[in-house]
Amino acid sequence: MARLTIKSVSKSFGTSHAVRDVSLHVEDAELVCLLGPSGSGKSTLLRMIGGFEAPTAGSILIDGKDVTAMPPERRPTGMVFQSHALWTHMDVFNNIAFGLRLRRLPKAEIEERVEQALTLVGLTDYGKRMTTQLSGGQQQRVALARSLVLEPKILLLDEPFASLDQHLRERLREEVRDIQQRLGITTLFVTHGQDEALALADRIVVMRDGCTEQIAPPDRIYREPQTEFVAGFIGSMNFIKTTVKAGWSQHAAFSLPVAVQDGEIVLAVRPEALSLVEAKGKGAGIVHRSIDFGTHKIVEIDLVDGIRLKVMTQGNSDWTTGTLVDPVPAAFRAFRENRLVYESAPLSARQNDRAFGHA
Ligand SMILES: Nc1ncnc2c1ncn2[C@@H]1O[C@H](COP(=O)(O)OP(=O)(O)OP(=O)(O)O)[C@@H](O)[C@H]1O
């Protein structure tokens, strides 16, 4: 059980600023996902926590103790990398036992702990196999067991399943979540897969250009994105660039009440927050095509100004290509220079009427 505190940590490589002034507190037994595009600084941040990189500025504390200058082997952390880096000349048992032998534990205890670790990752009876005789998923399980057997207070996982196929990846991440909860181990998990982060995390840290854009539980990241970047990075989102004048957005299809100063904004509406009505007049858009996903349909609408909207529909509604339609938002957010400037309450029927010229 351990708490992790990161205080204003930065890391530069020459003129490249990989991590910029990141602060984060991770609670006991919490699973936090670092999520962001390639090059956003996720791995660098994780490596600094593990002691594999030294911060240029800031400090890292585990249970209140400053570990910033401590070498990796003395930190109470265990790291699992994307490429498993198992020793191919050793069998599974010896791969896992290696760290325990370095600690000069008695033979019987080593055997017992390796067996327990193998059971934990679902590889009982695999001790005698050479690692080259294992599938990719089994190799990652061994890598995980090799970390867990040392009973780290904090587990650091750097895209551990990135090289596996989707089905296996989903299974292993559920297993990791299971093990993490059973052991109550504080965990940081680096991924650039939003589904992985949404499925696994107690909290998500969205990173961009070395900075944290938002730190919040998955449902808040999805429902209450604080920046345009987060809104677009997680889940599907429609963005509509427009201007505001006297409290109303000036877009032909989205004339909406937006209580901000006049100027440019970007409206963001989720596909599930949009519905369609057949146009009474010429309509704001035309149905391009409808894609059936079984559980729902995505109807693509081309607006007059060239924007293609995605609208999620359920039930039997059929929207055939060429139908003239008006999109009706139930809720939306507005951003200016990446920052959230306005969040609508669910729109009333009257506002919708005004918005679509039916009043
Ligand atoms: N050893 C290094 N020397 C120089 N630059 C580095 C080094 N390590 C990382 N960087 C740079 O720091 C930035 C952040 O890299 P990092 O690997 O932390 O990103 P990431 O979000 O983990 O990316 P990915 O998802 O591709 O692994 C990148 O611009 C990268 O090129």
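To start, this report covers the structure provided alongside it. Keep in mind that this is a model prediction, so the values were computed, not measured.

Turning next to the site of the ligand. Taken together, Phe-13, Ser-16, Ala-18, Gly-36, Ser-38, Gly-39, Ser-40, Gly-41, Lys-42, Ser-43, Thr-44 and His-192 are the residues near the ligand. At the level of secondary structure, the elements contributing two or more residues to the shell around the ligand comprise strand E2 (16–26) and helix H1 (42–50). Taken together, the residues that form the shell around the ligand break down as two nonpolar, nine polar and one charged.

Two quantities define a packed helix pair, namely the angle between the axes and the distance from one axis to the other. Where helix H2 (residues 92–102) meets helix H3 (residues 107–120), the axes come as close as 10 Å, and the angle between the chain directions of the two elements is 130°. In terms of axis orientation, H2 runs oblique to H3. Note that H2 runs across H3; the crossing there is right-handed. Two secondary-structure elements touch here, H2 through Phe-93, Ile-96, Ala-97, Leu-100 and Arg-101 and H3 through Ile-110, Arg-113, Val-114 and Ala-117. Across the contact of H2 with H3, the residue classes tally to seven nonpolar, no polar and two charged.

So, about the sheet that holds strand E1 (residues 4–13). Across the sheet, four strands lie side by side as E2-E1-E4-E5; this open sheet has antiparallel pairing. Of all strands in the sheet, those bounded by a partner on one side alone are E2 and strand E5 (65–66). Where E1 meets strand E4 (residues 57–62), five bridges bridge the pair, whose relative direction is antiparallel. In the strand pairing of E4, Ile-6 is matched with Ile-60.

Helix H4 (residues 136–148) packs onto H2 with a crossing angle of 30° between their chain directions and a minimal axis gap of 8 Å. Considered as vectors, H2 and H4 are oriented roughly parallel to each other. Along this stretch, H2 crosses H4, giving a crossing that reads as right-handed. On H4, the residues that touch Val-92, Asn-95, Ile-96 and Gly-99 of H2 are Val-142, Ala-145 and Arg-146. Class assignment of the residues belonging to the contact of H2 with H4 gives a composition of four nonpolar, two polar and one charged.

Here we come to the environment of Gly-137. As for its placement among the helices and strands, Gly-137 is situated in helix H4. Separated by 32 residues in sequence, Gly-137 and Arg-169 place their C-alpha atoms 8.1 Å apart. Each residue touching Gly-137, except ones within four places of it in the same chain, is listed here: Leu-164, Leu-168 and Leu-172.

How each quantity is defined
Residues numbered from 1 in each chain as written. Predicted model: local features only at pLDDT ≥ 70, side-chain atom pairs only at ≥ 80, totals over all residues. Near = placed C-beta within 6 Å. Helix = DSSP H or I, 4+ residues; strand = E, 2+ residues; numbered from the N terminus. Nonpolar A, V, L, I, M, F, W, Y, C, P; charged D, E, K, R; others polar. Axes fitted to C-alpha atoms, helices over the stretch in contact; angles between N-to-C directions. Parallel < 35°, antiparallel > 145°, perpendicular 65-115°, else oblique. Left-handed = near helix turned anticlockwise from the far one by under 90°. Contact = placed C-beta atoms within 7 Å. Pairing = 2+ DSSP bridges.

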